[in-house]
Amino acid sequence: MDQMEENEIELETVVLDDTADEILPPSTEKIATTNIEEANKVEKIVRFPVTRIKHLVKMDPDVNLCSQEALFLITKTTEFFVECLSKEAYSYTSQSKKKTVQKRDVEQAIDAVDALAFLEGVLDS
């Protein structure tokens, strides 16, 4: 019985290792190090300037410290958010047969997508 439990534990470990490779792509494995060279590689993975995002994070009075890993994730999340919002806004731009995204297109995207409801009224001057 004990040997059977050991085999089950080993099998579970293998399953966890396989799912970890699917969740984290190989390019993100190097992020966990605090080496300066590795930090430079992180900046090349992202499109937004990490220092600008770090400055924005420091503006929050509730945040005292922010690790490099957390900063990277915040930066990537910001990129995905802006990409999602801009694609949604562009869909309204293309529906009106225009090439330039305007404020009203972004407002229509915010009104149409429930996940963007927290942005309602943000663009009002």
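Per an unreviewed UniProt entry, the recorded name for the protein is Transcription factor CBF/NF-Y/archaeal histone domain-containing protein, and the organism is Daphnia galeata. Quoted verbatim from the Subcellular location (unreviewed entry) field of the UniProt record, the comment on the protein reads "Nucleus".

Student: Can you help me understand the overall build of the protein in this one?
Tutor: Helix and strand counts for the protein come out as 5 helices and 0 strands. Secondary structure of the protein in N-to-C order comes out as α-α-α-α-α. The buried share of the protein, reckoned over its 125 residues, is 18%. Sequence separation of 24 or more characterises 38% of the internal contacts of the protein that already satisfy a separation of 6 or more. Summing over all exposed atoms, the protein offers an accessible surface of approximately 10100 Å²; the carbon and sulfur share of this is 57%.

Student: It is not clear to me how unusual backbone geometry should be interpreted in this structure. Could you clarify?
Tutor: When glycine is set aside, most residues are seen to have a negative phi, and most peptide bonds are trans. Within the chain, K97 stands out as a residue other than glycine whose phi angle is a positive 55 degrees. Tracing the chain through its elements places K97 in the loop between helix 4 (68-95) and helix 5 (103-112).

Student: How should helix 3 (residues 50-58) be read in this particular structure?
Tutor: Note that an α-helix has 3.6 residues per turn; residues three or four places apart therefore point the same way. Of all the residues in helix 3, the buried ones are V50, I53 and V57. One side of helix 3 holds all its buried residues, which, seen down the axis, span an arc of 65 degrees. Facing away from the buried side of helix 3 by more than 90 degrees, the exposed set consists of T51, R52 and K58.

Student: Sorry, what's going on with the pattern of salt bridges here?
Tutor: Side chains bearing opposite charge may pair, as long as their charged atoms lie close to each other. Going through the model one piece at a time under the given rule, you end up with 4 salt bridges. The residue K76 makes a salt bridge to E79 at a minimum N-O spacing of 3.3 Å. Pair noted here: K76 and E79 are both in helix 4, with a separation of 3 residues, about one helical turn. In this structure, K76 and E79 share a single accessibility class: buried. The closest approach of N and O atoms between E83 and K87, which form a salt bridge, is 3.1 Å. Of this pair, E83 and K87 are both found in helix 4, 4 residues apart, which corresponds to roughly one turn of the helix. For E83, a relative accessible area of 26% puts it in the partly exposed group.

Cut-offs applied
Residues numbered from 1 in each chain as written. Predicted model: local features only at pLDDT ≥ 70, side-chain atom pairs only at ≥ 80, totals over all residues. Heavy atoms only, no water. UniProt positions renumbered as here; feature names shortened; annotations may be inferred. Helix = DSSP H or I, 4+ residues; strand = E, 2+ residues; numbered from the N terminus. Buried < 20%, exposed > 50% of the residue type's maximum accessible area, 1.4 Å probe, protein only. Contact = heavy atoms within 4.5 Å. Areas by Shrake-Rupley, 256 points an atom, 1.4 Å probe, with all protein chains shown as cover. Arc of directions from axis to C-beta. Salt bridge = Lys/Arg side-chain N within 4 Å of Asp/Glu carboxyl O.

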